[in-house]
Amino acid sequence: MGPEHQPVPRSIRWLLIFYLAIALGYLGLLMVAARSRLLWRMDFTNSYTGGTIVRLGLGAHLYDLALQTRVQQAILGPGRRFADGLLPFNNPPHFALMIVPLSLLPLEAAFGCWTAFQFGMAGWITYRLLALTARWTPTERRVIVHAFWAFPPLGITILHGQSSLFVFLCLMEWAWALKEGKDFQAGIWLTLAAVKPQAALFPALVLLGGRRWRALAGASAAGLLIIAGTAALLGPTIWPDYLRWLATTSGYFDRFGVHPQVMYNLKGTLTLFLGAERASLIQGVSMGALATGAVVVLALWTRSRWVPGEPEFDLRLALTLVLGALLSPHQYPHDSLVLLLPGVLFYDARRRVGRPTRAVAVFLLSWPVLFLLEELVLQGALGIRLPVGLMGVLTGWTSYWSYCRAESAIRDASCHSSPGRE
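This text gives an overview of the structure that appears in the document. Just so we're clear, the structure is a prediction, and the values are computed from it rather than from any experiment. As a convention, each chain's residues are numbered from 1 in the sequence order in which they are written. Residues qualify for local features only when their pLDDT is at least 70, as the model is predicted, and side-chain atom pairs are given and counted only at 80 or more; totals for whole chains, interfaces and linings, by contrast, use all residues. The side-chain values count all of the structure's non-hydrogen atoms but skip hydrogen atoms and water molecules.

## So, the overall build of the protein
Test applied: Counting from the N terminus, the helices are DSSP H or I runs at least four residues long and the strands are E runs at least two residues long. Here the globule rule reads 2.2 Å times residues to the power 0.38, and the radius of gyration is calculated from C-alpha atoms. Residue burial is assigned from relative accessible area. The probe radius is 1.4 Å, only protein chains are included, and a residue is buried under 20% of its type maximum, exposed over 50%, and partly exposed in between. Whether two residues are in contact is decided by their heavy atoms, any of which lying within 4.5 Å being enough. Where accessible areas are quoted, they stem from the Shrake-Rupley method and a 1.4 Å probe; at the residue level, only the protein chains shown are allowed to cover. His is not counted, nor are the chain ends, whereas Lys and Arg count as positive and Asp and Glu as negative. In plain terms, the charge of a residue is placed at NZ if it is Lys, CZ if Arg, CG if Asp and CD if Glu.
Scanning the protein from terminus to terminus reveals 19 helices and 0 strands. By the compact-globule yardstick of 22 Å for 422 residues, the protein fits well, its C-alpha radius of gyration being 22 Å. By its C-alpha atoms, the protein is 75 × 50 × 40 Å across when sized along the principal axes. For the protein, the residues scored as buried account for 52% of the 422 residues in total. Partitioning the contacts of the protein with sequence separation of at least 6, the portion at a separation of at least 24 is 73%. Accessible area for the protein stands at about 19,200 Å²; split by element, carbon and sulfur atoms hold 65% of it. Seen as two clouds, the 35 positive and the 22 negative side-chain charges of the protein have centres 3 Å apart.

## A word on helix H12 (residues 238–249)
Heads up, the rule is: The span one expects for a helix is its residue count, reduced by one, times 1.5 Å. Throughout, the arc means the angular range of directions from the helix axis out to the C-beta atoms.
Here H12 contains 12 residues, and its C-alpha end-to-end distance of 16 Å stays within 8% of the 16 Å for a straight helix at 1.5 Å per residue. Turning to H12, its buried residues number three or more, namely Ile-238, Trp-239, Asp-241, Tyr-242, Trp-245 and Thr-249. All buried residues of H12 fall inside an arc of 155 degrees around its axis, so they share one side. Within H12, the exposed residues directed more than 90 degrees away from the buried face are Leu-243, Arg-244 and Ala-247.

## Some points on unusual backbone geometry
Negative phi characterises most residues that are not glycine, and trans characterises most peptide bonds. If you check the backbone angles, Arg-37 has positive phi at about 55 degrees while not being a glycine. The topology assignment puts Arg-37 in the loop between helix H1 (10–35) and helix H2 (44–55). Of the residues examined, Arg-37 reaches a relative accessible area of 49% and is grouped as partly exposed. We note that Arg-211 has phi near 55 degrees; this positive angle belongs to a residue other than glycine.

## Examining the pattern of salt bridges
Put simply, the rule is: One speaks of a salt bridge when a side-chain nitrogen belonging to Lys or Arg is within 4 Å of a carboxyl oxygen belonging to Asp or Glu.
Enumeration over the complete set of coordinates arrives at 12 salt bridges. A salt bridge links Glu-108 to Arg-37, with the nearest nitrogen and oxygen atoms 3.7 Å apart. Residue Glu-108 is located in helix H5 (residues 107–132), and its partner Arg-37 is located in the loop between H1 and H2; the two are separated by 71 residues in the primary sequence. Across the pair Arg-305 and Glu-310 runs a salt bridge, and its minimum N-O distance is 2.9 Å. What you see here is one network of salt bridges that share partners, running through Arg-135, Lys-179, Asp-314, Asp-348 and Arg-352.

## Details of the nonpolar core
As a reminder of what qualifies: Residues enter a nonpolar core if they are buried and are Ala, Val, Leu, Ile, Met, Phe, Trp, Tyr or Cys, with the set joined through side-chain atoms within 4.5 Å.
Within the largest apolar cluster, 107 residues are counted, with the highest numbers of intra-cluster contacts made by Phe-148, Phe-168, Trp-174, Leu-178, Leu-317 and Trp-367. At 13 residues, helix H8 (residues 164–179) tops the list of elements feeding residues into this core. Not counting residues up to four positions away in its chain, the partners in contact with Phe-168 are Ile-125, Phe-148, Leu-337, Val-338, Leu-340 and Leu-341. In terms of nonpolar packing, the next biggest core, distinct from the first, is built from 6 residues, Leu-86, Tyr-252, Val-258 and Met-263 among them.

This is a description of form; function is not addressed.
Shown next, in the form of structure tokens:
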């Protein structure tokens, strides 16, 4: 009996049922929020505000907080308002252009259309996951798909109408294109992922350190097209305005929807430990760690061979992505959806070289439960959020095994080298 015909163990069947129940729970929460007319409180409202400003012909002043406040209050109506009076639009200006068609609809109808788009993207990611795991057994593939749909960051991003799912899709396609040797295409996907600039930073260092000039050309071409098109439509000052806004909000603590203490990253951990009143120290340490991590990632890819078919390549990708999330200056729970990708790459790399995978599987498959435990019960009570601890373990595990694989490759090359042989 071949692997495709092997019966699914009872424990796995119960795990799949449990994951399915969690995924249906997210759908239930979304339906309750819609029936209770609470969708206006979700993050999608700030995107809708940006799209409305552009549709009204005021796009040149997109990052004017006074204008955003007036427009958002007109959208919400009497009796509805966010803390500080505004949930500001803080995405790049071309994202507001993407939302303009939805701004033609009432807020709740627009949210519904965006949610349908989100489910479409989740379906696309499911397809890509199955492609990435083509060598796995049917049971393994079934488990990873169920784990994806049960992963709390997915439920949060759909419930809040966030753009994190779009960013994750772009990074999935970026990694897939690199593995397939389609560098120019990879560069385009990376530029699209820069809707959240912090998510694209470390992946960009992969291309730079690996000297993937074709990929960098693709990223530059897509970026120039977006910048020029946006500036032509919204005015030449729109990108300087956005960069000033980005620099300003990066230092916010408990203001305009920026709450570092709930983030899944180093910055959030420091805030839990030191308190928001030490904002300057926290910001300095976080940015220093980010810069150090960037140097490490750049050196990692500069000194390594670029062979996408090897497990070592996937290990380096996994390490880069999880380190980028851990050191990111802005990593909310929904942004942590990206962690699924390094988890899959790490598991697949160990599987391909015949190393034991049971411990890795148990570790990764516990994530939906532990993320939920943090969100619903612990809420930072341990002084460090569970997902941050999991990210730290994955970073250390991936770093150690990547180092061991590199040392093994050096020894093998030394043993098989001979005069006249390159």
